[in-house]
Amino acid sequence: MTTYKRPVSVLVVIHTPDLQVLLLERAAHAGYWQSVTGSQEAGETLLQTAQREIAEETGIDADPAALLDWQFTNTYEIFAEWRQRYAPGVTHNIEHVFSLELPAVQPIRLALAEHRAYGWLAQREAADKCFSWSNRDAILMLNERRRRSPD
């Protein structure tokens, strides 16, 4: 029995209070920079998916209470080269956006099968470097979407 990926995923923009944004470079595609992403597995909530993907891709053990669910989705066409991972006929994915604010830039433990490098970049530079329009847009929306501390 073939197990297919679900066409439901998370995008997690990890950043600092001064909007240094973490980007990861895909191992299979030099120059493809992105935030943490990954498909939801059977039985997982979206929050659990976000937490798992952060741990797998960065080594960060994120407190679920620190993750901010934007209640915002993007729908996009799955690249042809990756469609074989999905059930026949599946062409689009629904991506749920989250963010995680860390107190400061920190070293990352990469999953080398998935990513070859990482960088902490200023917000605009990070947005410009992303290959994905949905990732770029999420980074640019950080100012309006991030959790504010009470004054």
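The structure contained in this document is the topic of the report that follows. A quick note: this is a predicted structure, and the numbers were derived from the prediction, not measured. (Residues numbered from 1 in each chain as written. Predicted model: local features only at pLDDT ≥ 70, side-chain atom pairs only at ≥ 80, totals over all residues. Heavy atoms only, no water.)

Structurally, Thr-49 can be placed in helix H1 (residues 46-58). On the accessibility criterion, Thr-49 (0% relative accessible area) is buried. Each residue touching Thr-49, except ones within four places of it in the same chain, is listed here: Val-10, Gly-38, Ser-39, Gln-40, Glu-41 and Glu-44. (Helix = DSSP H or I, 4+ residues; strand = E, 2+ residues; numbered from the N terminus. Buried < 20%, exposed > 50% of the residue type's maximum accessible area, 1.4 Å probe, protein only. Contact = heavy atoms within 4.5 Å.)

Structurally, Ser-132 is set in the loop between helix H2 (123-129) and helix H3 (133-140). Overall, Ser-132 belongs to the buried group, its relative accessible area being 17%. Sequence separation between Ser-132 and Glu-44 is 88 residues, and the spatial gap between their C-alpha atoms is 25 Å. Side chain to side chain, Ser-132 and Ser-134 meet in a polar contact 3.0 Å long. (Polar contact = N/O pair within 3.5 Å; in protein donor to acceptor, adjacent residues only side chain to side chain.)

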